[in-house]
Amino acid sequence: MQYIDEDASSLILASKTLRRVRATRSNLSGWRLVDSSVVDLNLLDSQISHWRAYDVRWEAVSVDHCVGEHGFYFNCSFEALAAYNSILNAGHFVNCRFDQTRSELNSFGMCAFENTQWCGSTLSEVSFIGTVWHKCTFSDEDYYFIRFPGALFVDTTFRNCSLRKVIFRQATFIRCRFENCRLAESVFQNAQFIDTDFQQSDIREAANIEGIQGLDL
Amino acid sequence: MSDGNTIFRRFTVGPYPINGYLIADAATRTGVFIDPGGFHDQIAEYIAQKKIDLRFIFFTHGHEDHTGGLREFLTRYKPNHCYAGRSEVVEADCILNGGEQLEVGKMHFTTFSTPGHSPGAITYYCPPRVFTGDALFCGSLGGTSDPKLAQLQIAQVRKSIFALPEGTLVYPGHGPMTTVAAEKYANPFFQSARSG
């Protein structure tokens, strides 16, 4: 087990594996990681902003009461990410994959996701306010009271997802698809749909579809 | 997130779960609990572990889900003062109108009046964090009993909370935390009507 000191900012990791690391009340901002693996990283009360990661495998990373804004992640996989009470806003994720994520009372607000998959996650009261999603897929996701207000989804698919009490207020969907999704108590108030369809998914399950545009109900 | 100067923790409290927040000055260990909606062992353990001297209680407003744990806090910690907006909390000995400067150890809080959801609602700002109670939620805002109060609440949030630095971390009474930037630019209740 390795414990990180208070200031470990601007770490550079290339073609290495970082394993079993604990950091509490640490400044880890500005990390640069390339072609590496991070396994069993546990962060508490720490700053993790402005990370840059290319071709990195993240496994069993947990963040609690952290602030990690403006990260850039290219070609990364996140397996069993656990995120609680943290603000991970304004990040940019390209060609990434999230598997089995667990998150509660966490924020990914204002993030942009490009060609990114989320699979098998369980999220509760998580914010994706103002996010942008392009060519993304949500598969077998289990969501409760997740917030996507003002989000923009383009060429994105929700497949076999439980979207209970999910807020899509004022969201925009362009060429999207909902396949076999449960939408109980969800909110689509003032949502806009362009070339989007619902297959085996009934938007009338939603609690609020007032003001929606672009759907023939 | 705690930093070198502060100790900070969010707790889920009360039978109608809300976010209660503990924040303490790392140097003096003087602390405040914001919105004691309930109490449980985790709070007691954290306060003991971090050796926090809980001297103050702040209420964002007086609804039961934000005040229900007060008796336990008063019994255990005997805080010096309880702060709340006018007519919000009977037990509060310090009444706030907005615009006050409060010190908790070396931490400085500024108060804002943010009525609407509750007439005497107060928001507490201690950089880089603002505690908004039910005045502002992530992507939403606290309910009001009529449209005029909703407009008042929206106006007060714009005037006070949205005037803060955009990187300010917003900690609401319910749901996930957020930032001033995210709410200013993406909260549907503060955007102009969609056209087309």
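Predicted model only: the values in this text are computed from it and were never measured. (Residues numbered from 1 in each chain as written. Chains lettered and ligands numbered in written order. Predicted model: local features only at pLDDT ≥ 70, side-chain atom pairs only at ≥ 80, totals over all residues. Heavy atoms only, no water.)

Asker: Quick rundown of the overall build of chain B? Include the residues and the values.
Answerer: A tally of helices and strands in chain B yields five helices and 12 strands. Taken over C-alpha atoms, the radius of gyration comes to 16 Å for chain B, in line with the 16 Å a tight globule of 196 residues would show. Along the first, second and third principal axes, the C-alpha set of chain B runs to 55 × 35 × 30 Å. The buried share of chain B, taken over its 196 residues, is 60%. Long-range contacts, defined here as pairs at least 24 residues apart, represent 54% of the contacts in chain B between residues at least 6 apart. Surface accessibility of chain B: about 7,900 Å² in total, with carbon and sulfur atoms responsible for 52%. (Helix = DSSP H or I, 4+ residues; strand = E, 2+ residues; numbered from the N terminus. Rg over C-alpha atoms; globule rule 2.2 N^0.38 Å. Buried < 20%, exposed > 50% of the residue type's maximum accessible area, 1.4 Å probe, protein only. Contact = heavy atoms within 4.5 Å. Areas by Shrake-Rupley, 256 points an atom, 1.4 Å probe, with all protein chains shown as cover.)

Asker: Residues and numbers for the pairing of strand 7 (residues 101-104) of chain B, please.
Answerer: The two faces of a sheet get side chains in turn, since along a regular strand they alternate between them. Residue and element names in this part refer to chain B. Covered by surrounding structure in strand 7 are Leu102 and Val104 only, the residues Gln101 and Glu103 on the alternate face being uncovered. Of the pairings in the sheet, the one linking strand 7 to strand 8 (residues 107-113) comprises four bridges and is antiparallel in character. Bridge pairing in strand 8 links Gln101 to Thr110. Taking the residues that link successive antiparallel strands as the turn, the strand 7-strand 8 hairpin has two residues, and the phi of Gly105 there is positive, at about 60 degrees. (Pairing = 2+ DSSP bridges.)

Asker: Account for the sheet that holds strand 6 (residues 94-96) of chain B, naming residues and giving values.
Answerer: Residue and element names in this part refer to chain B. Read across the open sheet, the six strands follow the order 1-2-3-4-5-6; overall the sheet is mixed. Two strands bound the open sheet, and with one partner strand each, they are strand 1 (6-13) and strand 6. Between one strand axis and the next, the sheet turns through 20 degrees on average, direction left out of account. Most of the contacts of helix 1 (residues 41-49) go to strand 1, to which it runs at about 170 degrees, and overall it touches strand 1, strand 2 (18-25), strand 3 (30-34) and strand 4 (53-58). (Axes fitted to C-alpha atoms, helices over the stretch in contact; angles between N-to-C directions.)

Asker: Kindly report on the sheet that holds strand 7 of chain B, identifying the contributing residues and their values.
Answerer: Judged by pairing direction, the sheet is mixed, and its six strands sit side by side in the order 7-8-9-10-11-12 (chain B) without closing on themselves. The two strands at the open ends of the sheet, each matched to only one other strand, are strand 7 and strand 12 (178-179) of chain B.

Asker: A description of the pattern of salt bridges should follow, citing residues and the corresponding values.
Answerer: Overall, the coordinates contain 14 salt bridges over all chains when judged by the stated rule. In the salt-bridge network here, residues are joined through shared partners; they are Arg159, Arg177, Glu179 and Asp197 of chain A. (Salt bridge = Lys/Arg side-chain N within 4 Å of Asp/Glu carboxyl O.)

Asker: An account of the interface of chain A and chain B is requested, with residue identities and associated values reported.
Answerer: One frequent convention defines the size of an interface as the accessible area lost when the parts assemble. With 32 residues of chain A at the interface, the matching set in chain B holds 31 residues. Here chain A meets chain B over a buried area of about 2,500 Å², counting both sides, of which 57% is carbon and sulfur. Run the count over chain A and chain B and you get one salt bridge. With a shortest N-O distance of 2.9 Å, Arg9 of chain B and Asp45 of chain A are connected by a salt bridge. The interface formed by chain A and chain B holds four residue pairs in polar contact (both at pLDDT 80 or more) in total. Among the elements of the structure, strand 11 (102-107) and strand 14 (122-127) of chain A are those that each provide at least two residues to the side of chain A that touches chain B. Partitioning the side of chain A that touches chain B into residue classes produces 10 nonpolar, 16 polar and six charged. (Buried area = accessible area lost by both parts, 1.4 Å probe. Polar contact = N/O pair within 3.5 Å; in protein donor to acceptor, adjacent residues only side chain to side chain. Nonpolar A, V, L, I, M, F, W, Y, C, P; charged D, E, K, R; others polar.)

Asker: So, the packing of aromatic side chains: which residues are in play, and what are the values?
Answerer: All told, the structure shown has 68 aromatic pairs over all chains when counted by the stated rule. With 5.9 Å between their ring centres and 85 degrees between their planes, Phe158 of chain A and Phe168 of chain A make a pair best called edge-to-face. Here Phe168 of chain A lies in the loop between strand 20 (162-164) and strand 21 (172-174) and Phe158 of chain A lies in strand 19 (residues 157-159), a separation of 10 residues in the sequence. In terms of burial, Phe158 of chain A and Phe168 of chain A fall into one category: buried. Positioned above the aromatic ring of Phe145 of chain A, the side-chain terminus of Arg147 of chain A is 3.9 Å from the ring centre. Geometry around Phe8 of chain B places Arg129 of chain B over its ring, the cationic atom sitting 4.5 Å from the centre. (Phe/Tyr/Trp six-rings, centres within 6.5 Å; stacked < 30°, edge-to-face > 60°. Lys NZ or Arg CZ within 6 Å of the ring centre and 35° of its normal.)

Asker: I'd like a description of the confidence of the model for chain B, backed by residues and values.
Answerer: Looking at chain B as a whole, its pLDDT mean stands at 95, while 97% of the residues score no less than 70. As scored by the predictor, the complex reaches a pTM of 0.96 and an ipTM of 0.94. (pLDDT = per-residue confidence, 0-100.)

Asker: Summarise helix 4 (residues 147-161) of chain B; cite the residues concerned and give the values.
Answerer: All names here are of chain B. The terminal C-alpha atoms of helix 4 lie 20 Å apart, and with 15 residues this matches the ideal 21 Å at 1.5 Å per residue to within 8%. Every buried residue belonging to helix 4 is among Gln153, Ile154, Gln156, Val157, Ser160 and Ile161, and all of these are buried. Looking straight down helix 4, one finds that the buried residues subtend no more than 165 degrees of arc, so they occupy a single side. Residues of helix 4 that are exposed and point over 90 degrees away from its buried face: Pro147, Lys148, Gln151 and Lys159. For helix 4, the elements touching its buried residues are strand 8, strand 9 (122-126), strand 10 (129-133) and helix 5 (180-186). One side-chain oxygen of the residue at the start of helix 4 lies 2.8 Å from the amide nitrogen of Lys148, identifying that residue as Asp146. (Expected span 1.5 Å × (residues − 1). Arc of directions from axis to C-beta.)

Asker: Could you give an account of the environment of Asn97 of chain B, with specific residues and numbers?
Answerer: Residues and elements named next belong to chain B. Take Asn97: it is sitting in the loop between strand 6 and strand 7. With 16 residues separating them along the chain, Asn97 and Ser113 place their C-alpha atoms 6.2 Å apart. For Asn97, the contacting residues outside a window of four places in its chain are Arg86, Ser113 and Ile122. A polar side-chain atom of Asn97 sits 3.2 Å from a polar atom in the side chain of Arg86.

Asker: Help me get a handle on the side chain of Lys50 of chain B, residues and values and all.
Answerer: Tracing the sequence through the fold places Lys50 of chain B in the loop between helix 1 and strand 4. This buried residue, Lys50 of chain B, is left without a salt bridge; Asp45 of chain A holds the nearest opposite charge, at 5.3 Å. Those residues in contact with Lys50 of chain B that lie beyond four places of it in its chain are Ile7 and Arg29 of chain B. (Lys, Arg positive; Asp, Glu negative; His and termini not counted.)

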